[in-house]
Amino acid sequence: MAKQPKVLLIYTGGTIGMVADAKTGQLKPFNFNNLLDEVPELHKIPATIDTHSFGKPIDSSNMEPKIWLELAALIGKQYNKYDGFVILHGSDTMAFTASALSFLLENLNKPVILTGSQLPIGTIRTDGKENLITAVEIAAADGKKYPIVTEVCVYFEYRLYRGNRTNKFNAEHFRAFQSPNYPLLAEAGIHINFNKEAIRKKSKGALKVYQKLDSSVAILKLFPGITPAVVSAVLNSGCKAIVLETFGSGNATTANWFIDALKNAIKRGVIILNITQCAQGTVEQGRYETSSAFNKIGVIGGADLTTEAAVAKLMFLMGNVPAGKIKKQLTQDLRGEQTN
Ligand code: ASP
């Protein structure tokens, strides 16, 4: 008999494994072993599934960069033993975790699939069972029936996405994620139909697991009427990098106070990465007069990065790359996170 693929199922928490508190009715995480009891179908998948409960289960709103490092280290340690990894994770910050892991795991040649659900797995109408079962099937692929997905992905509601291209856009529907600037990697119906062209090419190098992140990052979202005091508070917060969420294709007010505030921050060494507030499309600094100053003063255009990927990329580069190289690498596509 052919050797069965091996999948490591890692449980971090999230709605998928929650139960309602008997007294308050509030959803809170529960024991992982009960979760597997709820999905006997998993035993029918021709794969060996080992499980790893990752510390105390959390609601992903409590996710922290130190847990991303622990997850990356765990995958690094178990990399040769398993063909694929599934991470059960709350949907709220899943796109951040997927983005961070994509940077921390360089030359990844095996699937790392994050999934979760909008309804707990024990409830009748749960979306968790399908999400979990198909995520495991994708992680267990041997390249014959289904291709081996060599990247960090999010699987949710019949769709497989490149993780660092996703964001959670719906708090109500089962289809909670979108990837507006990158095509789906697969869609599950009767068959799982893969978009092979869209999947990252196999890397030649060996897996490299990074173990540092620098979370000295802030997000500054512009709006008409934003005051100098607010902008100054963020730029002078002590953070080393700011994700600047601008309008349209990377535009902002041309008011002198604003441009001067950015210019002074950049002179002090603060990195400013310009991404758009629009869900779809890209930053093009200099296309409009309202973004022309940015190139001159040293604001970095973040192309079509999501907020989640922008934050993770900054944390990753500031933690691992010499200061002089960060700006250049910010403009480059490192893990399929942006279109250049
Ligand atoms: N609050 C939950 C979490 O992110 C929501 C979910 O799992 O979908 O952990």
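This text follows the structure it describes.
Computed from a predicted model, the values in this text were never measured in an experiment.

1. Observations regarding the sheet that holds strand β18 (residues 300-301)
Consideration 1: In space, the four strands of this open sheet follow the order β15-β16-β17-β18, with parallel pairing throughout. In this open sheet, the two strands that pair with only one neighbour each are β15 (217-221) and β18.

2. Side note on the pattern of salt bridges
Consideration 1: This model, assessed by the stated rule, comprises ten salt bridges.
Consideration 2: Close ionic contact of Glu-41 with Lys-129 constitutes a salt bridge, the shortest N to O distance being 3.8 Å. Separated by 88 residues along the polypeptide, Glu-41 in the loop between α1 (32-37) and β4 (48-58) and Lys-129 in helix α4 (residues 128-139) bring together distant segments of the chain.
Consideration 3: Accessibility expressed as a relative area gives 31% for Glu-41, which makes it partly exposed.
Consideration 4: The residue Lys-144 makes a salt bridge to Asp-142 at a minimum N-O spacing of 3.9 Å.

3. A few points about the site of the ligand
Consideration 1: With respect to spatial proximity, the complete set of residues near the ligand consists of Gly-14, Thr-15, Asp-59, Ser-60, Gly-90, Ser-91, Asp-92, Ser-117 and Gln-118.
Consideration 2: Ser-91 places a side-chain nitrogen or oxygen 2.3 Å from an oxygen atom of the ligand.
Consideration 3: Measuring from a nitrogen atom of the ligand, one finds a side-chain N or O atom of Asp-92 at 2.8 Å.
Consideration 4: Here the ligand has 260 Å² of accessible area as a free molecule, and 91% of this is covered by the chains.
Consideration 5: Grouping the amino acids of the shell around the ligand by side-chain chemistry returns no nonpolar, seven polar and two charged.

4. Topic: the pairing of strand β1 (residues 6-13)
Consideration 1: For β1, the tally of buried residues reaches seven of eight residues, placing the bulk of the element in the interior.
Consideration 2: The pairing of β1 with β4 spans seven bridges and is classified as parallel. Counted as the bridge partner of Leu-9 is Thr-51 from β4.
Consideration 3: Inspection of the sheet shows β1 paired to strand β5 (residues 84-88) by five bridges, in the parallel sense. Following the sheet pairing, Leu-8 is matched in β5 by Phe-85.

5. Observations concerning the sheet that holds strand β13 (residues 192-194)
Consideration 1: A sheet is described by the order of its strands in space; here eight strands give the open sequence β4-β1-β5-β7-β8-β9-β12-β13, paired in mixed fashion. Here the strands that pair on one side only, and so sit at the sheet edges, are β4 and β13. Across the sheet, the axes of successive neighbouring strands diverge by a mean angle of 20°, strand direction being ignored.
Consideration 2: Contacting β5, β7 (112-115) and β8 (152-156), helix α3 (residues 94-104) crosses the sheet at an angle of about 155° to β8.

6. Quick look at the side chain of Thr-276
Consideration 1: Relative to the helices and strands, Thr-276 resides in strand β17 (residues 271-276).
Consideration 2: At 2.5 Å, the side chain of Thr-276 forms a polar contact with the backbone oxygen of Gly-248.
Consideration 3: A polar atom in the side chain of Thr-276 sits 2.9 Å from the backbone nitrogen of Cys-278.
Consideration 4: In this structure Thr-276 touches Thr-246, Phe-247, Gly-248, Gly-281 and Val-283, once residues within four positions along its chain are discounted.

7. Concerning the layout of surface pockets
Consideration 1: Approximately 320 Å³ is the volume attributed to the largest pocket.
Consideration 2: Along its surface, the largest pocket is lined by 13 residues, and Pro-5, Pro-46, Ala-140, Ala-141 and Asp-142 are the ones closest to its centre.
Consideration 3: Classifying every residue of the lining of the largest pocket by side-chain character gives seven nonpolar, one polar and five charged.

8. Focus: the packing of helix α8 (residues 307-320) against helix α9 (residues 323-331)
Consideration 1: Two numbers describe how α8 lies on α9: the axes approach to 9 Å, and their chain directions differ by 150°. The handedness of the crossing between α8 and α9 comes out as right-handed. When α8 is examined against α9, the residues Lys-313, Leu-314, Leu-317 and Met-318 are found in contact with a partner set consisting of Ile-326, Gln-329 and Leu-330.

9. Structural notes on the side chain of Asn-251
Consideration 1: In this structure, Asn-251 sits in the loop between β16 (241-246) and α6 (256-267).
Consideration 2: For Asn-251, a relative accessible area of 11% gives the class buried.

10. Details of helix α5 (residues 228-235)
Consideration 1: Among the residues making up α5, those that are buried are Val-231, Val-234 and Leu-235. Within α5, the buried residues cover an arc of 95° as seen down the axis, which keeps them to one side.
Consideration 2: Check the buried side of α5 and you find it contacts β15, β16, α6 and β17.

11. A look at the environment of Glu-130
Consideration 1: Mapping Glu-130 onto the fold places it in helix α4.
Consideration 2: It is 25 Å that separates the C-alpha atoms of Glu-130 and Asn-109, two residues lying 21 residues apart in sequence.
Consideration 3: When near neighbours in sequence (up to four residues on either side) are disregarded, Glu-130 contacts Tyr-155 and Tyr-158.
Consideration 4: Engagement of the side chain of Glu-130 in a polar contact is seen with the side chain of Thr-134, the distance being 2.4 Å.

12. A word on the packing of aromatic side chains
Consideration 1: Counted under the stated rule, the structure contains six aromatic pairs.
Consideration 2: Taking 4.9 Å as the distance between ring centres and 90° as the angle between the ring planes, the aromatic pair formed by Tyr-210 and Phe-316 counts as edge-to-face. Taken together, the residues span a long stretch of sequence, with Tyr-210 in the loop between β14 (208-209) and β15 and Phe-316 in helix α8 at a distance of 106 residues. Across the pair, Phe-316 and Tyr-210 agree in class, each one buried.
Consideration 3: Three or more aromatic residues link up through ring pairs in this structure, and these residues are Phe-103, Tyr-210 and Phe-316.
Consideration 4: A cation sits over an aromatic face here: Lys-110 above Tyr-79, 4.7 Å from the ring centre.
Consideration 5: A cation sits over an aromatic face here: Arg-162 above Tyr-182, 4.1 Å from the ring centre.

The rules behind these values
Residues numbered from 1 in each chain as written. Predicted model: local features only at pLDDT ≥ 70, side-chain atom pairs only at ≥ 80, totals over all residues. Heavy atoms only, no water. Pairing = 2+ DSSP bridges. Helix = DSSP H or I, 4+ residues; strand = E, 2+ residues; numbered from the N terminus. Salt bridge = Lys/Arg side-chain N within 4 Å of Asp/Glu carboxyl O. Buried < 20%, exposed > 50% of the residue type's maximum accessible area, 1.4 Å probe, protein only. Near = heavy atom within 4 Å. Polar contact = N/O pair within 3.5 Å; in protein donor to acceptor, adjacent residues only side chain to side chain. Areas by Shrake-Rupley, 256 points an atom, 1.4 Å probe, with all protein chains shown as cover. Nonpolar A, V, L, I, M, F, W, Y, C, P; charged D, E, K, R; others polar. Axes fitted to C-alpha atoms, helices over the stretch in contact; angles between N-to-C directions. Contact = heavy atoms within 4.5 Å. 1 Å grid on protein atoms, 1.4 Å probe; cavity = no way out; pocket = protein on both sides within 12 Å on 5 of 7 lines; lining within 4 Å. Points joined across faces, edges and corners; volume = space filled by probe spheres on them. Left-handed = near helix turned anticlockwise from the far one by under 90°. Arc of directions from axis to C-beta. Phe/Tyr/Trp six-rings, centres within 6.5 Å; stacked < 30°, edge-to-face > 60°. Lys NZ or Arg CZ within 6 Å of the ring centre and 35° of its normal.

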